[in-house]
Amino acid sequence: MTTTLPHPPHRLPVLGDLLTADPAKPALNLMAQARSLGPIFETRIFNQELTVVSGTDLYAELCDDKRFGKHIGFALVAGREILEDALFTAHTTEPNWSSAHNILMPAFTLASMKDYHDVMVDTARELIGYWDARAASGPVDVHTDTSKLTLETIGRIGFGYDFRSFSSPEPDPYAAAVMRTFAYAGRSTYRVPVHWIDRLVRHRAIVQNDADVAYIRSVVDDVIRARRANPDDQPDDLLALMLTTADPETGRRLSDENIRNQVITFLNAGHETTSGTMSFALHLLATHPDIADRVRDEVYGLWPAGDDPEPAFADVHKLKYLRRVVDETLRLWPIGPAFFREPLQDTTIGGHPVRRGQAMLALTLAVHRDPVWGPDPEAFDPDRFLPERARTRPPGIYKPFGTGLRACIGRQLALHETVLALALILHRYDLEPDPDYRLEVAEEFTLKPANLRLGLRRR
Ligand code: MNH
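Residues numbered from 1 in each chain as written. Predicted model: local features only at pLDDT ≥ 70, side-chain atom pairs only at ≥ 80, totals over all residues. Heavy atoms only, no water.

What about the sheet that holds strand β9 (residues 429-433)?
Part 1 of the reasoning: In space, the three strands of this open sheet follow the order β4-β12-β9, with antiparallel pairing throughout. Each edge of the sheet is formed by a strand with only one pairing partner; in this case those strands are β4 (140-141) and β9.
Part 2 of the reasoning: In this fold helix α18 (residues 411-428) packs onto β9 and β12 (453-458), with an angle of close to 90 degrees to the strand it touches most, β9. (Pairing = 2+ DSSP bridges. Helix = DSSP H or I, 4+ residues; strand = E, 2+ residues; numbered from the N terminus. Contact = heavy atoms within 4.5 Å. Axes fitted to C-alpha atoms, helices over the stretch in contact; angles between N-to-C directions.)

Concerning empty space enclosed by the protein
Part 1 of the reasoning: Enumeration according to the criterion identifies two cavities of 30 Å³ or more in this entry.
Part 2 of the reasoning: Looking at the second largest cavity, its volume works out to about 30 Å³.
Part 3 of the reasoning: Together, Ile154, Gly158, Phe159, Leu238, Met242, Val263, Phe266 and Leu267 line the second largest cavity.
Part 4 of the reasoning: Of all the elements in the fold, those that place two or more residues in the lining of the second largest cavity are α6 (142-159), α10 (238-244) and α11 (256-269).
Part 5 of the reasoning: Among the residues making up the lining of the second largest cavity, the classes are represented as seven nonpolar, one polar and no charged. (1 Å grid on protein atoms, 1.4 Å probe; cavity = no way out; pocket = protein on both sides within 12 Å on 5 of 7 lines; lining within 4 Å. Points joined across faces, edges and corners; volume = space filled by probe spheres on them. Nonpolar A, V, L, I, M, F, W, Y, C, P; charged D, E, K, R; others polar.)

Here we look at the coordination of the manganese atom of the ligand
Part 1 of the reasoning: Coordination of the manganese atom of the ligand by the protein involves just one donor, Cys408 (SG), at a distance of 2.4 Å.
Part 2 of the reasoning: Take Cys408: it is sitting in the loop between α17 (387-390) and α18. (Donors = N, O, S within 2.8 Å, 3.2 Å for Na, K, Ca; no water.)

Here's the deal with a nonpolar patch on the surface
Part 1 of the reasoning: A contiguous nonpolar patch, built from Leu12, Val14, Leu15, Leu18 and Leu19 and spanning about 410 Å² of accessible area, is present on the exposed surface.
Part 2 of the reasoning: Mapped onto the fold, Leu18 is located in the segment before α1 (26-37). (Patch = residues over 30% accessible without salt bridge, like charges linked within 9 Å, V, L, I, M, F, W, Y side chains within 5 Å. Areas by Shrake-Rupley, 256 points an atom, 1.4 Å probe, with all protein chains shown as cover. Salt bridge = Lys/Arg side-chain N within 4 Å of Asp/Glu carboxyl O.)

Remarks on the pairing of strand β11 (residues 446-449)
Part 1 of the reasoning: Side chains of β11 alternate between two faces, with Thr446 and Lys448 and Leu447 and Pro449 buried alike.
Part 2 of the reasoning: Where strand β10 (residues 441-444) lies against β11, four bridges are found, and the strand directions are antiparallel. Across the sheet, Val441 pairs through a bridge with Pro449, a residue of β11.
Part 3 of the reasoning: Following β10, the chain reverses through one residue before pairing antiparallel with β11; Phe445 in that reversal takes a positive phi of roughly 80 degrees. (Buried < 20%, exposed > 50% of the residue type's maximum accessible area, 1.4 Å probe, protein only.)

Structural notes on the sheet that holds strand β8 (residues 360-362)
Part 1 of the reasoning: On the basis of which strands lie adjacent, the open sheet formed by five strands has the order β1-β2-β8-β5-β3 and mixed pairing. Strands with a single pairing partner mark the edges of an open sheet, and in this sheet they are β1 (40-45) and β3 (68-70). Ignoring strand direction, the axes of neighbouring strands in this sheet form an average angle of 35 degrees.
Part 2 of the reasoning: Note that strand β2 (residues 48-53) and β8 share three bridges and pair parallel. Along β8, the bridge assignment pairs Val52 with Leu361.

Overview of α1
Part 1 of the reasoning: With twelve residues, α1 ought to run about 16 Å at 1.5 Å a step, and its terminal C-alpha atoms sit 16 Å apart, in line with that.
Part 2 of the reasoning: As for α1, its buried residues are in contact with β1, β2, β8, α16 (364-367) and β10.
Part 3 of the reasoning: Following α1 by one or two positions, Gly38 has its phi on the positive side, about 100 degrees. (Expected span 1.5 Å × (residues − 1).)

Looking at the state of the cysteines
Part 1 of the reasoning: A complete count under the given rule lists zero disulfides for this structure.
Part 2 of the reasoning: Left without a disulfide partner, Cys63 is nearest to the cysteine sulfur of Cys408, which lies 14 Å away. (Disulfide = S-S within 2.5 Å.)

A look at the nonpolar core
Part 1 of the reasoning: Among the nonpolar cores identified, the biggest contains 113 residues, and Leu104, Trp131, Tyr174, Leu282 and Leu431 are the most heavily contacted of them.
Part 2 of the reasoning: Broken down by element, this core gets its largest block of residues, eleven residues, from α18.
Part 3 of the reasoning: The residues touching Tyr174, leaving out its near neighbours within four places in the chain, are Tyr161, Phe163, Tyr215, Ile216, Val219, Val220, Ile264 and Leu267.
Part 4 of the reasoning: With 17 residues, the next largest nonpolar core counts Ile40, Cys63, Ile349 and Phe385 among its residues. (Core = buried A, V, L, I, M, F, W, Y, C linked by side-chain atoms within 4.5 Å.)

Some details on the packing of helix α13 (residues 289-302) against helix α15 (residues 320-332)
Part 1 of the reasoning: Two elements in contact, α13 and α15, have axes separated by 8 Å at closest approach and are oriented at 140 degrees. Seen from α13, the contacting residues are Ile291, Arg294, Val295 and Glu298; seen from α15, they are Lys320, Tyr321, Leu322, Arg324 and Val325.
Part 2 of the reasoning: By residue class, the composition of the contact of α13 with α15 is five nonpolar, no polar and four charged.

Given below as structure tokens:
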């Protein structure tokens, strides 16, 4: 049995692998290191050890909820300081995790998407109106604008909040604060282990973040207070669900403070991820015109060219090729490029002993590009997701939404919103890539295409 794992070269005392780490692009860097270090290796920055798993068999093993669970470490620690035991940052054993999970799950089923469909159509039309007014004067800033779309959608579905992203010239102060806290958490992957040095190094960022967090909390607290004051006048949204429902298993209710943290969690988790998916898909479609043409044929089959589409809920599920485009986009660019796991007991994985509770990373980004995907895993080929081709691959290697109990609760919502928006965009515009643009991927907790601009021509 092997007892020592490979680690990056040039390891130093105290600093560990700091020299070979890349705090700006942690997942991309770990994927590159995995190519030479193999399916399981170990990194250490200061005193923080992390076992990185990128081999397909070991990754599938790490996803077994009977032996491994979600680990709250690294960037999630920074998130937890703000969001405490809300869904994303809770330990699975905390009572608020299962209560919130039980209360909210019914709002995220495929059938529940019917309730959100009209809001999604409205917000997508707002994006298109916004682009109609701008496209003639040059390329649009894709990711900024898809993020406006997804923030509007989750703001309205989540707690009846309209950020006026498309109508107001200035970004909403709440939206701006959310963006900054997100970037802050993304930069907090590794911290200097000495508390006062850490505070000193990050002083300005910490002051700004504290102010942002206080502001975000006050906005949401005000909304909750207003709802409590008018209990009979609840719109049909996630906030109302949390305010009025008890956990069906235990009868527990969520506290107002916890509900506030859940709302903020949904705004964060539900917006940059979905917009990143849309942005990468638009980049891939713009650079693969043959695939964009196939999508357009499918879309025109539902809503003839020239018409103003009236998308029905069921239409979204008829767009099977477009759905494969989205699946393939999330294979190549899983917006959550990795997730943390920990052994529930001392155990071994691939013959290596691992201790209960130690930090392990399931490196989705690398697994999604493993040779098991076929001869050219880097190529954009939506038909990989044809059922007959999917059946030829081992199970458990495609996890853009995480795994098991702690998998993404918003998966159906994200997929419905993404397919719908892309369909309407391709119905309306030809995508004209900037010939000089080379895809540049930024990592701020999630992956996103940096500085992506696209020319849009009304069809
Ligand atoms: Mn989402 C968990 C990816 C959209 C709300 N999400 C996760 C995880 C991944 C993920 C990966 C698991 C993280 C971990 O194990 O630490 N999420 C995505 C992607 C998209 C996405 C790729 C879009 C595409 N997520 C959304 C949307 C919402 C949402 C939309 C809300 C409306 N996600 C969550 C929540 C969790 C989560 C809440 C935590 C669930 C839990 O642990 O119980």
